[in-house]
Structures are given as C-alpha cells and as structure tokens.
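# Chain and residue survey
Read off the chains here:
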Amino acid sequence: PFLKNVFAHPTFRSASAPTTFVDKHTELFEILPDKDPERKVLRYVAETTVNGFPGLDHNRPRIYTANTIEPAKDIVLPSDLVTAKDVLDSKGPRGVVDWLKQQDKVLLTDTTMRDAHQSLFATRLRTKDMAAIATDVQNALPNLFSSEMWGGATFDTAYRFLGEDPWERLRILREKMPRTLTQMLFRGSNAVGYQNYPDNVLQEFIKLAATNGMDVFRIFDSLNWLPQMEKSIQYVRDNNKLAEVAMAYTGDILDTSRTKYNLKYYTDFAQELVDAGAHIIAIKDMAGLLKPEAAYQLVSALKDTVDVPIHLHTHDTTGNGVYTYARAVDAGVDIIDVAMSAFSGATSQPSMGAVYYSLSGNKRQPEVNVDAANKINDYWTSVRPYYRDFASATSSTQTDIFEVEMPGGQYSNLQQQAQALRLGDRWSDIKKMYVTVNKMFGDIIKVTPSSKVVGDMTLFMIQNDLTPEKVLAEGQTIDFPQSVVDFFAGDLGQPVGGFPKELQSVVLKGRKSITVRPGALSEPVDFAQQEATLARKLKRQPTPEEVISYILYPKVFLDYVAKFDNFGPMTLLDTPTFFQGMRIGERVDVQLGTGKTAIFQLEEIGEPSAKGIRTLYFDVNGTPLEVDVQDAS
Ligand code: 3PY
Ligand code: ZN
C-alpha cells in the first residue's frame, strides 16, 4: 500500500503531466518501507478517515480541528513548599501518615485523569491530552494530596480502544509530575481486571506499578471481603508505598430499616482494614449514595474508631456531592476526591472549584491557588469536546440512583451495552431490574466487577423476559451468563452475609462453590514460561510489563501489539484526528518522537474500486504519498 507509484499519482493519472513530470519526480520510483512510523501513522489516519473510529457513528457531525488551549507557561511551584510526594520520598509511607495527621485543612485528590473520564466518557482520555498538562497540574496544585491518574478501567481501555500502552502513560506522567503523589485504583485480587488473579500476579503487578512510578494504591474488593485485599495490602507495603484501603459504601446508614450495612458494619470493617495494614482508609462511595448527614455520622464514627487518615471518594450522580463533602469536612475527613470543573459533576466527582468555594469561611477550606487552577481548567475545558461522542446520554443529576445504587462508572457503560442489544429505549426498565437483581442476589456491594455481574444479569433478565419467580421455577433450564455462574461459584469471593442458597443452587446446577479465597486455590503463574510464550509470539524478548499485561489480558494485549505493528505510534496524533481522521484539504502536524515533525495534507479521496478499495492521496512533508483503504461501508 505504500508503494509510491508513479502510475497512481493524480497528476500523472490526470494525463496532464508534462513530459518532464517523471524526470522531476524521481522519488516516485522508490519503494518506501512500511516500517517507517510516519507511514504507519498515515495508514491509521487513512483508515480512520474512510471507516471512522470503531464504535463511533461515522455520520455524526465532527469536530475537525484541534483547538486545545495550550497550558500556561508561567505556572511555577512555590520553592519553599513541601508536597505530599516530597514527604513520601523522604520519610516513607509512615511519614506521609504522620504528615496527614498534622494538616489542619482538608486535602484534595484530583481524579481528572482517571475516575472523571472513566465516569463521564467511557475511560477514553488519551495520554497525549494528559501529558500536555501534567507538569502544570503539579505546579498549579502543589497542595494536592495526589493525582489519581491510573488503574481501574483505564488499564485495559488504553490497550483496547486507544492503541496505547498504559505503562507508558504511567512513566510519562511520573516524569512530568515528579512532585505530585500518583494514585491508582486497584481492585484487590481482581487487580485491574474483572476476575480473580493468582497471588504472584498481584505481587508482580504491584511491584512493577511501584517501580514505574505509582505511589498510592487505593485497594478495594468488589464485595468488601477482606481476604481478597490482604495480599495486595502486604505487597504495597513491601514496596514501601501507601496502602489506602477502601470500604465500598452501599445502602444508607440513615435508614434504620436496612440493617446489613449500618454504621457498626463500617466501623468494624475499618478496624479490620487497619489491622490488616491500611495506611489510610478510603470510603468509596462509587454510586453517590452517601448523603450529607450520613457522611457526617460515618466520618465521625470512623474518627472515633481508627487512628488513620480518612479519604472520602464520591460521585456526584445524585447531586449531593458538595454538601456531602462539606459535612464530611466538619466531621474531620482528611482528604476528599474532586475533579477539575470541566470534568466534574453528574457521574464524575464534584468540582474542585465548587468544593473550594462552598467551604469559604470554613477553617478547613482547602488551599487552592484559584488563578492557577482556573488555567488548568481552561485547558480541560478545551479538551473535553473531543470526547463528547463517548459521553453518557444522561449528563444530569439522577436522584433515582439512591434507589438503583448503580456506580457512576457503570452508568454510561451499561447504557452503551443496552444500546448495543437494542434495549436502549428500555433504560428505565433496566434500572428497575437492576434493583430487583440486587435483591435476588441478597443485597450485595455493587462495584467493579460485582456491579458487572448485576448488570449482566439485569440485561439477561430483560432480554429473556424473566422475573425472580421464573428464575427460581425454571432456572434448571436457563443458561445463565458466565459472570453470574462464576459469581455464585465464589470466584469473586464471598458477599456480606453469604449467597442466597436457593438461587445459588439453581444457577450452579451442581457445580461446586468455594468459600475460601479463590487465590488460595489458584496455582501461581509460571512467569518464565509465560515470558517464553510471549517471546515466541512477539519474535523478541518482552519486557516484564509486557509479560504481566499479557497474563492479565492475553487477547487484548496481543490485539494491541498487532494494531501497533500496523499503525505505529497513533498516540502522537492530536485527538480530533485520532478519532475522526482528516478531510480533504486539511493539514495535520505530527510531532514524531525523534524531534521530527511530519506534515500530513490530505489531497484527495478516490472513488472505491470494484472491490471497495479507496485510494487516499496525501502530501507528506512535500512528497506525494498514497494509501489504499478497504471501505467497510
Ligand atoms: C473501577 O473499578 O474501575 C471503579 O472505578 C470502581 O468504582
Ligand atoms: Zn469512583
């Protein structure tokens, strides 16, 4: 496809070529190597121009030009300031805990580069858009506790949808924000996946994350089951990093008729987490269920029970976020999670600005340089439209979530899944069914991956017109989704209060369930063997990061490698071009890693051949180049 073929040149083909044309264009007779990164990226652009970005409606009006407000160059970190990262580097995790206890103002974690985009636009934020602002974030917000910028769903999504290496993202951001604590979300024994992994996989992953630059690991388990977190806590401590251990918040401690997840449940659980080695306790309110008064009571009770800092995480889905934080601040919460305003609200975290201003007059108001923070927000405001095609259809406040209890990160995802199954118009039935399924399952904690099990069962029941009664009566003949079967077999661990026995036996149909930690039964992974297998597939020696990614996500990782081989460093393209390709006459500059800039100009798009192949005519740094693309339409 990259043959610079004189016969295919538009001027030559137009038959208007002067007789000197061939003499003047000797370059047209060279065969260009397909291996050149510039040519590979061009192939990606051509492919995207013709066929669109997978999953996006190619016919929607598009934003063509990158219009990023460049980060200001004048933001500097005050020279006498000691950041939380400085404390970790000089005094270790214990030093950070002591330092946190001495703070009189509430501290902030900025989730913009992880949970905010995970919850607002299906985890699609690209490294390029993070890297451009990272140093300014460090300098503008030196009082942050941390920047949450890795983990959760961002790991597989980077490979799967963005053609990016998540490890590279971590290294780049680490390098660009050396004085800011990096923070990640870690799903305990499910690591950054949706299933249980052997202990030595967790150990290797945590070690590699730490050596690549991760400082704070927020560890949770999707059923709040401590045995699924103990190993992770230990491995983080072994690496001399901060083990922040989360309790997923569900239900409503203010509702005395709901006794399963009451105040005592949480204070007992927090004590267990501290005994297991938690440096910090997080309250993980993934669905935005924690009402202001509940936050006050919960944080107060935790402060009376445990002597470690408390970090509160909420989503603004239900619209209570700022008020909830204000009450938690009054109860003495140490750190709260916020997103830059442009990426805040609704299923994301509450806005940093809104929280800051709401605490005016409060002696614990966080330290924020408003002017500098606004500059950062201007940048994110200019970037956000690039991702609008991935946004959840609902961007407003959803108070029915108090009943539905669906995590912010799941909301847009489940909607997309429902649309793919042509159930988009049944969203309100789906929400009701989600509540029903939770009851059937015995009122469980719902967060990745347990929330996915509830989501899978919900769609399955809607698709097959099932009711709880029908499931119990006819269950022996029903082929339940695999995630549901695995859940009832104990593969994700044990839910609070155990499984509902009747449903469990219907779902398992004789398959044995386990009650011990799945990791206690799984064989350790043989890394040398995996490395050798991967080396054969890649035809070169893989890095330890590649080996662990292959172990966690074999297919996703190999697909990424194939895509990268084909399209090269697509990550270097600006975001509108990455998602939309180019239009005729447009010019795009691509900064290649080498310091070289490639200038692509799209001259013409040919009509499809009998076989549906279109030829795209580009000018690349002044040289005509053409690319053939199969038109999939
Ligand atoms: C994740 O696990 O990715 C989450 O954000 C859960 O809230
Ligand atoms: Zn969250």
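Look up a bit, the structure's there.
Read on for a plain summary of the structure.

### Section: the coordination of the zinc ion (ligand 2)
Coordination of the zinc ion (ligand 2) by the protein is provided by Asp 115 (OD), His 313 (NE2) and His 315 (NE2), with metal-donor distances spanning 2.0 to 2.1 Å. Here the donor residues for the zinc ion (ligand 2) map to a single chain with the spacing D-x197-H-x1-H. A residue pair is termed long-range when its members are at least 10 positions apart, and Asp 115 in helix H5 (residues 112–120) and His 315 in the loop between strand E7 (310–314) and helix H13 (321–330) qualify at 200 residues. Residues Asp 115 and His 315 agree in their burial class; the two are buried.

### A few points about the nonpolar core
With 182 residues, the main nonpolar core has Trp 150, Trp 167, Phe 205, Trp 380, Phe 441, Met 457 and Phe 618 as its most contacted residues. Setting aside chain neighbours within four positions, we find Phe 441 in contact with Val 453, Val 454, Met 457, Val 484, Phe 487, Phe 488, Pro 500 and Leu 503. The next biggest cluster of nonpolar side chains, apart from the first, holds 14 residues, and it includes Val 96, Trp 99, Leu 107 and Ile 280.

### Quick word on the site of ligand 1
Looking at ligand 1, the residues that line it are Arg 114, Gln 118, Gly 152, Ala 153, Leu 185, Arg 187, Phe 220, Lys 284, Met 286, Val 447 and Thr 448. Here Arg 114 contributes a side-chain N or O atom positioned 3.0 Å from an oxygen atom of ligand 1. Here Gln 118 contributes a side-chain N or O atom positioned 2.8 Å from an oxygen atom of ligand 1. Summarising the interface, the protein chains cover 96% of the accessible area of ligand 1, which totals 230 Å² for the free molecule.

### With respect to the sheet that holds strand E2 (residues 146–151)
An order of E1-E2-E3-E4-E5-E6-E7-E8 is seen for the eight strands of this closed barrel, with the pairing classed as parallel. Direction aside, neighbouring strands of the sheet carry axes that sit 30 degrees apart on average.

### Topic: the side chain of Thr 48
Summarising the element assignment, Thr 48 is placed in helix H3 (residues 37–51). With sequence-adjacent residues up to four places away left out, Thr 48 is seen in contact with Phe 53, His 58, Thr 577, Phe 578, Phe 579, Gln 580 and Gly 581.

### Looking at the sheet that holds strand E9 (residues 587–591)
Strand order in this open sheet of four strands is E9-E10-E11-E12, and the pairing throughout is antiparallel. The sheet is open, and its two edges are formed by E9 and strand E12 (623–630), each paired on a single side. Ignoring strand direction, the axes of neighbouring strands in this sheet form an average angle of 30 degrees. Pairing of E9 with strand E10 (residues 597–605) involves five bridges; the strand directions are antiparallel. Across the sheet, residue Val 590 finds its bridge partner in E10, namely Ala 598.

### Considering the pairing of E9
Burial along E9 is one-sided: Val 588 and Val 590 are buried, and none of Arg 587, Asp 589 and Gln 591, which face the opposite way, are. Joining the antiparallel neighbours E9 and E10 is a turn of five residues, in which Gly 595 adopts a positive phi near 90 degrees.

Cut-offs applied
Residues numbered from 1 in each chain as written. Chains lettered and ligands numbered in written order. Predicted model: local features only at pLDDT ≥ 70, side-chain atom pairs only at ≥ 80, totals over all residues. Heavy atoms only, no water. Donors = N, O, S within 2.8 Å, 3.2 Å for Na, K, Ca; no water. Helix = DSSP H or I, 4+ residues; strand = E, 2+ residues; numbered from the N terminus. Buried < 20%, exposed > 50% of the residue type's maximum accessible area, 1.4 Å probe, protein only. Core = buried A, V, L, I, M, F, W, Y, C linked by side-chain atoms within 4.5 Å. Contact = heavy atoms within 4.5 Å. Near = heavy atom within 4 Å. Polar contact = N/O pair within 3.5 Å; in protein donor to acceptor, adjacent residues only side chain to side chain. Areas by Shrake-Rupley, 256 points an atom, 1.4 Å probe, with all protein chains shown as cover. Pairing = 2+ DSSP bridges. Axes fitted to C-alpha atoms, helices over the stretch in contact; angles between N-to-C directions.

Honestly, it's all geometry; don't read function into it.
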